[in-house]
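Secondary and tertiary structure notes
Spelled out, the chains give:
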Amino acid sequence: MADNVENAVNNVSNDGTEVSRHTETTPSRNEVELNGQPPTTRPPQVLTDSEEDEDEELTLKYGAKHVIMLFIPVTLCMVVVVATIKSVSFYTQKDGQQLIYTPFREDTETVGQRALNSMLNATIMISVIVVMTLVLVVLYKYRCYKVIQGWLFFSNLLLLFFFSFIYLGEVFKTYNVAMDYFTLAVIIWNFGVVGMICIHWKGPLRLQQAYLIMISALMALVFIKYLPEWTAWLILAAISVYDLLAVLCPKGPLRILVETAQERNEPIFPALIYSSTMVWLFNMADSAETGNNSSHPVPQQENQVAMAPTAQPEDDGGFTPAWVNQQQHQLGPMQSTEDSRREIQELPSERPPPVEDDEERGVKLGLGDFIFYSMLVGKASATASGDWNTTIACFVAILIGLCLTLLLLAIFKKALPALPISIAFGLVFYFATDNLVRPFMDQLAVHQFYI
Amino acid sequence: MTLAVFFGCAFIAFGPAFALFVFTIAKDPLRVIILIAGAFFWLLSLLLSSLVWFIAIKASNSQDLTLQRGLLIFGVFFSVLLQEVFRFTYYRLLRKATEGLAAITDDDGSAISVRQMAYVAGLGFGIMSGAFSMINVLSDSLGPGTVGIFGDSQYYFITADMPSSKIFRRVKTNLKSSSLIQKMRALMTLALTLLHTFWGVLFFEGCEKSCWWVIAAVVSLHLLVAGLSLLNPLYEGSLPPVYGITLLMGVWAFFSSGGSLHSLNALCTRRKAEGESS
């Protein structure tokens, strides 16, 4: 996930810099294409310096836009999860069922026993994740693409049909909507088939993104429901640490995967990655509709320019065949996220160098990041006694973590994990807000003091 | 009934802030980032001040109610001071990042100015402050514990897995959240949101020009507003002065950020001219 972000943006920037380094006039041409305006006043400097500076500026230039392009889908996913948690009680009910990767129960008598059980659960889960990652790396290294793709296809099938069926059923139960099986079958069938087509083959980018967000939200809801309290928090913390190690250590599996893909110069299953190019276009379209065309000639141009890359992923086989398949595979036994995470983490999308008129490649974020962010915020809204304050605090913390991660990416220009900073902030703010801020705000509210 | 209260209070408290966001901030990614970072800094200040208050509470006798109230008042003023400290920290951070930010924005000269950053940062503070004071009340006004749901109310008090603190809080809030109090709360929240915005502008302006008296005035006015809120629930004593201060701050911020009667006049006459010509 994180890898995907970093590598994807990295690849964006690196490809851009490479392209612009090839010819002298490219930077200015890039600027023309980017801004729709003649190259602005950039005094001619030493060629290499100016090229490098301009390359850096080009990279940084899109930093703010990239951040927003990721803010919006992450926010949407969180909103879906929080709305579901708040309204559909099914996902907060503990009916005693747990995933088989977390066999130890937390309803023990002593706190020490509970702590021990949750640590064992987290350990088992993380080791399963590590094992699955290694399996996938091995499969990838030995070019067993069919195996991986079939697996992902099956996982996606289960997710899009089975889990959304359950979700829809619970929503209908909550709102007391009478529904017959025939209508339900038609709805689920259409939803699932369109989802499979969008994700595995071709489809409108916005629809693809919507399906990816829905899928991430569904997975996050599954985790919120089936992971016991302390286990969930420990898993979040452990996953962040693992993400950090796996991406940054020279022998980390994710790093090996990325390097293998780079050696082979092929895209690594762009199935588990959310690409946000079209989201940005969507925003621009809105602004166009509100009649601000005159002030934004740039976006119009960039709209057209950015259309090019969106076709590519579809030619590459869609965004999330891998992820969806994995999800479905996991959904069967209702177990690991590890698989999806592994897939997700292992799929920094390696794109071929951009077409010449293709400046804006958009940003990509792994779906596992979506899942864990939403899981944190969903858990905050489900179980925090500070309720909405805690939810809002975690939401802001995660967004700021994402912003910082992208900033670090722009500065260091190498693969960085997206999970650690956001999850760290999220966890700190969750526990701090729930335990420190909530009593303070409650007391203020009782006395009606305002700060 | 409660739905009307919910929408009324929500729009009172968040309407202007939402409008400001939609019209001035939503289209520029950089401003959105600065807004959210501003919210984050306010959150940090709240966190630290709650930590201090919590430690003080734990160290003191929990039975002594006047002491508790005194500690709470201390917490209020300490929180106000900490908010201003974090506002200053945010100012320093933004100044340091100005060169980097200038590189991030498009090179057609739309780099964000310090005044714009001041406004956005202030609005970020205000929105977060408003959200924290209002959202829980709003969700309570919709019904027990959940937003927009018609089921589960029969499990409201009986449910076994609701922590007792939550039940207690629900009882407390239901007892005290009459719609009048909610409306007052919404009005106060609106005032505070606007005040934070204006204070942001003035504070940054003061820091830019090294006018320390401006900064001192902002801090003391914030303390004054917090102090006025100590008069609650006598809202007659707190709301009108606070709104007076809000108007004053608005006018001051307008003139401080370069507005003038002339520009206002030009705005009106230009509107009229456009209206006549079209």
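The model shown is predicted, which means the values in this text are computed figures rather than measured ones. (Residues numbered from 1 in each chain as written. Chains lettered and ligands numbered in written order. Predicted model: local features only at pLDDT ≥ 70, side-chain atom pairs only at ≥ 80, totals over all residues. Heavy atoms only, no water.)

1. Some thoughts on the overall build of chain B
This is how the line gets drawn: Elements are defined by DSSP. Helices are runs of H or I of four residues or more, strands are runs of E of two residues or more, and each kind is numbered from the N terminus. Contacts: residue pairs with any heavy atoms within 4.5 Å of one another. Computed with a 1.4 Å probe, the accessible areas rest on the Shrake-Rupley method; for each residue, only the protein chains presented here act as cover.
The helix and strand inventory of chain B stands at 9 helices and 0 strands. Secondary structure of chain B in N-to-C order comes out as α-α-α-α-α-α-α-α-α. Contacts in chain B between residues far apart in sequence, at least 24 positions, make up 76% of those at least 6 positions apart. Working note: accessible area of chain B is about 13,200 Å², and carbon and sulfur atoms make up 72% of it.

2. Here's the deal with the overall build of chain A
Basically, it comes down to this: Burial classes: relative accessible area under 20% of the type maximum marks a residue as buried, over 50% as exposed, and values in between as partly exposed (1.4 Å probe, protein chains only).
The secondary structure content of chain A amounts to 17 helices and 2 strands. By residue count, 60% of the 451 residues in chain A fall in the buried class. Long-range contacts, defined as pairs at least 24 residues apart, comprise 81% of the intrachain contacts of chain A with a sequence gap of at least 6. In the form shown here, chain A has an accessible surface area of approximately 17,000 Å², with 66% of it arising from carbon and sulfur atoms.

3. Observations regarding a nonpolar patch on the surface
Put simply, the test is: Like-charged residues are merged into a patch within 9 Å and nonpolar side chains (Val, Leu, Ile, Met, Phe, Trp, Tyr) within 5 Å, provided each residue has over 30% relative accessible area and no salt bridge. Salt bridges are counted wherever a side-chain nitrogen of Lys or Arg sits within 4 Å of a carboxyl oxygen of Asp or Glu.
A cluster of nonpolar side chains, namely Val251(B), Phe254(B), Phe255(B), Leu261(B), Leu264(B) and Leu267(B), defines an oily patch on the protein surface of about 520 Å² accessible area. The exposure class assigned to Leu261(B) is exposed, which follows from its relative accessible area of 62%.

4. Some remarks on the UniProt feature "transmembrane region" (unreviewed entry) in chain A
Residues and elements named next belong to chain A. How we decide: UniProt positions are given in the numbering used here, feature names are shortened, and annotations may be inferred rather than shown by experiment.
In the numbering used here, UniProt assigns the "transmembrane region" (unreviewed entry) feature to residues 67-85, 119-139, 151-169, 181-199, 211-227, 233-249, 392-412 and 418-437. Helix makes up 100% of residues 181-199 and strand 0%, whereas the separation of the span's terminal C-alpha atoms amounts to 26 Å. Here residues 392-412 is 100% helix and 0% strand, with 30 Å between the C-alpha atoms at its ends.

5. Overview of the UniProt feature "transmembrane region" (unreviewed entry) in chain B
Residue and element names in this part refer to chain B. Feature annotation in UniProt assigns "transmembrane region" (unreviewed entry) to the following positions: residues 6-25, 32-55, 67-86, 118-138, 186-204, 211-231 and 243-264. For the annotated span residues 186-204, helix accounts for 100% and strand for 0% of the residues, and the straight-line distance between the end C-alpha atoms is 27 Å. For the annotated span residues 243-264, helix accounts for 82% and strand for 0% of the residues, and the straight-line distance between the end C-alpha atoms is 22 Å.

6. A few points about unusual backbone geometry
Residue and element names in this part refer to chain A. The phi dihedral of Asn176 is positive, around 55°, even though this residue is not glycine. Mapped onto the fold, Asn176 is located in the loop between α6 (145-175) and α7 (181-200). Residues other than glycine seldom take positive phi values, yet Gln448 does so here, at roughly 60°. Mapped onto the fold, Gln448 is located in the segment after α17 (419-447).

7. With respect to the confidence of the model for chain B
Residues and elements named next belong to chain B. This is how it is decided: Known as pLDDT, the predictor's confidence for each residue is given on a scale from 0 to 100.
Predicted confidence across chain B gives a mean pLDDT of 83, with 82% of residues reaching 70 or more. For chain B, the element scoring lowest by mean pLDDT is helix α5 (residues 164-176), at 50; helix α2 (residues 29-59) scores highest, at 95. Every residue in residues 145-162 scores below 50 in pLDDT, and together they form 22 contacts with partners more than four places removed in sequence or on other chains. Model confidence for the complex is summarised by a pTM of 0.77, with the ipTM given as 0.85.

8. As for the pattern of salt bridges
Residues and elements named next belong to chain A. Taken as a whole and judged by the stated rule, the model has 12 salt bridges over all chains. Salt-bridge contacts for Lys225 lead to Asp95; the nearest nitrogen and oxygen are separated by 3.6 Å. Of this pair, Lys225 sits in helix α8 (residues 205-226) while Asp95 sits in the loop between α4 (63-87) and α5 (111-141); the two residues are 130 residues apart in sequence, bridging distant segments of the chain. Lys225 sits in the buried class, given a relative accessible area of 2%. Classification of Asp95 as partly exposed rests on a relative accessible area of 48%.

9. Looking at the environment of Leu267(B)
Residue and element names in this part refer to chain B. Its place among the elements puts Leu267 in helix α9 (residues 261-277). Leu267 sits in the partly exposed class, given a relative accessible area of 36%. Taking the C-alpha atoms as reference, Leu267 lies 55 Å from Leu65; in sequence the two are 202 residues apart.

10. Here's the deal with the environment of Ser45(B)
All names here are of chain B. Looking at where Ser45 falls in the secondary structure, it is placed in helix α2. According to the relative accessible area criterion, Ser45 is buried, its value standing at 0%. With 26 residues separating them in the primary sequence, Ser45 and Leu71 have C-alpha atoms 18 Å apart. Beyond its immediate chain neighbours, meaning those up to four positions away, Ser45 contacts Leu82, Gln83 and Phe86.

11. Concerning helix α16 (residues 388-412) of chain A
Residues and elements named next belong to chain A. Cut-off, in case you're wondering: In this scheme, a helix's expected span is set at 1.5 Å multiplied by one less than its residue total.
With 25 residues, α16 should reach 36 Å at 1.5 Å per residue; the first-to-last C-alpha distance of 36 Å fits that figure. Most of α16 sits out of view: 19 of its 25 residues are buried. Of the residues flanking the end of α16, it is Lys413, one or two places downstream, whose phi is positive at about 55°.

12. Re the packing of helix α9 (residues 229-248) of chain A against helix α15 (residues 367-383) of chain A
Residues and elements named next belong to chain A. As a reminder of what qualifies: Helix axes are fitted only over the stretch in contact, all axes being lines through C-alpha atoms; the angle between N-to-C directions runs from 0 to 180 degrees. For classification, angles of less than 35 degrees are called roughly parallel, those exceeding 145 degrees roughly antiparallel, those between 65 and 115 degrees roughly perpendicular, and all remaining angles oblique. Each helix crossing is assigned a hand: it is left-handed if the near helix lies turned anticlockwise from the far helix by less than a right angle, otherwise right-handed if that turn is clockwise.
Where α9 contacts α15, the axes come no closer than 11 Å and their chain directions differ by 150°. Classified by the interaxial angle, the pair formed by α9 and α15 is roughly antiparallel. The handedness of the crossing between α9 and α15 is left-handed. For the pair α9 and α15, the contacting residues are Glu229, Ala232, Trp233, Leu236 and Ile239 in the first and Phe372, Met375, Leu376, Lys379, Ala380 and Thr383 in the second.

13. Quick word on the nonpolar core
Side chains of a nonpolar character, in soluble globular proteins, are inclined to be buried together. For clarity, the threshold we go by: Side-chain atoms within 4.5 Å link the members of a nonpolar core, which is a set of buried Ala, Val, Leu, Ile, Met, Phe, Trp, Tyr and Cys residues.
Ranked by internal contacts, the top residues of the largest apolar core, which has 169 residues, are Tyr373(A), Met375(A) and Phe132(B). If one sorts the elements of this core by residue count, α2(B) sits on top with 16 residues. When near neighbours in sequence (up to four residues on either side) are disregarded, Met375(A) contacts Ala220(A), Phe223(A), Ile224(A), Leu227(A), Ala232(A) and Leu236(A).

14. Examining the side chain of Ser240(A)
All names here are of chain A. Quick note on the threshold: In protein, a polar contact requires one atom able to donate a hydrogen and another able to accept it; more generally it is a pair of N or O atoms within 3.5 Å, and residues adjacent in sequence count only if both atoms are side-chain atoms.
Among the structural elements, Ser240 can be located in helix α9. Ser240 gets classed as buried once you look at its relative accessible area, which sits at 7%. A distance of 2.8 Å separates a polar side-chain atom of Ser240 from the backbone oxygen of Leu236. Contacts of Ser240, omitting those with residues within four sequence positions, involve Leu419, Pro420 and Ile423.

15. Description of the environment of Leu239(B)
Residue and element names in this part refer to chain B. Here Leu239 lies in helix α8 (residues 235-256). Linking Leu239 and Arg185, residues 54 residues apart in sequence, is a C-alpha distance of 9.6 Å. Excluding its chain neighbours within four sequence positions, the residues that come into contact with Leu239 are Met184, Leu187 and Met188.

16. Here we look at the packing of α16(A) against α2(B)
The cut-off we apply is this: In this classification, Asp, Glu, Lys and Arg are treated as charged, Ala, Val, Leu, Ile, Met, Phe, Trp, Tyr, Cys and Pro as nonpolar, and every other residue, Gly included, as polar.
Where α16(A) contacts α2(B), the axes come no closer than 10 Å and their chain directions differ by 125°. Here α2(B) runs oblique to α16(A), going by the angle between their axes. Two packed elements cross with a definite hand, and for α16(A) against α2(B) that hand is left-handed. Each of Ala393(A), Val396(A), Ala397(A), Leu399(A), Ile400(A) and Cys403(A) in α16(A) lies in contact with α2(B), whose residues at this interface are Ile33(B), Ile36(B), Ala37(B), Ala39(B), Phe40(B) and Leu43(B). Among the residues forming the contact of α16(A) with α2(B), the class breakdown is 12 nonpolar, no polar and no charged.

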